[in-house]
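Structural overview
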Amino acid sequence: MRLRIELLDLMVNIVSFNINGLRARLPRLLEFLEREKPDIVCLQELKGEPDALPTDQVEAAGYKALWHGQKGFNGVAFLSRGDGDLKLRRAGLPDDPAPEQARYIEAEAHGLIVASIYLPNGNPVGSEKFGYKLEWMARLEQHAAALLAEERPVVLAGDYNVIPEDRDTFSVKAMAHDALMQPESRAALRRIVHQGWTDALRQVHPDDDRLYTFWDYQAAAWPRDAGFRIDHFLLSPQAADRLAGAGVHKWARGEEKASDHAPVWLQLHDA
DNA sequence: ATGGTCGCGGAGCGA
């Protein structure tokens, strides 16, 4: 028997998952944590009472948790595996146009700054909700610029509710009047990306025209693979330099009592 | 598509 000494390329594994209701999805979430054991998990759409969050069950699964919830709607969370440092940086964006809506949490763990984002949907176009979406994106743009200036590895993860390009949807025609792919929504996302962020999923899968992360519960969207791509990882240059892989856990969308989003994953080389 | 499905909260809204 010979001993082999290998240099291990350690990785940090990050997942972003819009779970569409924590109470209904907790069994799926706990199964997912047990199966994939990601180091960091960003959750969106908890839709749960802040005082009814399952901190004990998540801790039993091996995770420390930071929650930013509100009753019935929205809600984001940040989970970090193991006993390492987990530091809350902020809950809510600076100068949030509607701070009662729990849509942003930012923390530091595993040597990274990571945000969990639930960007406003914005439908219907032309409504106050659409204006709120664009205002929120302007605030995110400001904050993203401040994060870049720190010149550290930063990951902005979450449900952006923006379809970046026509090839990111099953049907341009079906979505033409949706807030998720209006030119203003796309331009607002591009303004952020063009600051110097890398869209990790597209970077890793440059030619995949069915790189979807969401399939509606309606109209048999899942069996028809009628999805679109709205969950994104934006990486600062210092994080992009460490990009090892990214993808969609598409299998999760086919489970019983699945969320309408699939978890998306990102792997970074260790520093 | 005049609909179609979910989750939360316990009716109707948000997605």
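Residues numbered from 1 in each chain as written. Chains lettered and ligands numbered in written order. Predicted model: local features only at pLDDT ≥ 70, side-chain atom pairs only at ≥ 80, totals over all residues. Heavy atoms only, no water.

1. Topic: helix 1 (residues 22-36)
Counted only if it meets this: Helix and strand definitions follow DSSP, with helices as H or I runs of at least four residues and strands as E runs of at least two, each counted in order from the N terminus. By this rule, a helix spans an expected 1.5 Å times one less than how many residues it contains. Values of bend correspond, residue by residue, to the angle between axes fitted over the seven residues ending at that residue and the seven starting there. Contact criterion: two residues are considered in contact whenever any of their non-hydrogen atoms come within 4.5 Å of each other.
For helix 1, which comprises 15 residues, the first-to-last C-alpha distance of 18 Å sits more than 12% below the rise-based estimate of 21 Å (1.5 Å per residue). Arginine 28 marks the point of greatest bend in helix 1, at about 30 degrees. Buried positions along helix 1 lie against strand 1 (11-18), strand 2 (40-44), helix 2 (55-60), strand 3 (63-68) and strand 4 (76-81). In the stretch just after helix 1, lysine 37 is the one whose phi turns positive, near 50 degrees.

2. Concerning the sheet that holds strand 3
Rules: At least two DSSP bridges between two strands are needed for those strands to be called paired. Fitting a line to C-alpha atoms yields each axis, with helices limited to the stretch in contact; the angle taken between N-to-C directions then spans 0 to 180 degrees.
The sheet built from six strands is open, its strands ordered 3-4-2-1-14-13 with mixed pairing. Unpaired on one side and paired on the other, strand 3 and strand 13 (243-248) mark the two borders of the sheet. Going across the sheet, the axis of each strand differs from the next one's by a mean of 15 degrees, ignoring polarity. As paired strands, strand 1 and strand 2 are joined by five bridges and run parallel to one another. Paired with valine 15 across the bridge in strand 2 is valine 41.

3. What about the protein's contact with DNA strand B?
Rule in force here: For each residue, the test is whether any non-hydrogen atom lies within 4 Å of the molecule or strand; if one does, the residue is near. Polar contacts, as used here, are pairs of N or O atoms within 3.5 Å; protein pairs need one atom able to donate a hydrogen and one able to accept it. Residues neighboring in sequence count only if both atoms are side-chain atoms. Under the scheme applied, nonpolar residues are Ala, Val, Leu, Ile, Met, Phe, Trp, Tyr, Cys and Pro; charged residues are Asp, Glu, Lys and Arg; polar residues are all the others, including Gly.
Near DNA strand B you find 17 residues, and of these Arg25, Asn121, Lys129, Tyr217 and Gln218 are the closest. Taking the atoms of DNA strand B that fall within 4 Å of the protein, sugar and phosphate contribute 67% of them. Take alanine 24: an N or O atom from its main chain is 3.3 Å from a phosphate oxygen of DNA strand B. Arginine 25 is positioned with one of its side-chain polar atoms (N or O) 3.1 Å from a phosphate oxygen of DNA strand B. When residues of the surface near DNA strand B are assigned to their parent elements, the largest contribution, four residues, is made by helix 1. Looking at the surface near DNA strand B residue by residue, the class counts come to five nonpolar, five polar and seven charged.

4. Notes on the side chain of glutamine 44
Put simply, the rule reads: Working definition: with a 1.4 Å probe on protein chains only, accessible area under 20% of the residue-type maximum means buried, over 50% means exposed, and in between means partly exposed.
Locating glutamine 44 in the fold gives a position in strand 2. When its relative accessible area of 0% is taken as the criterion, glutamine 44 is described as buried. Separated by 3.1 Å, the side chains of glutamine 44 and serine 16 make a polar contact.

Function cannot be read off these values alone, since they describe shape.
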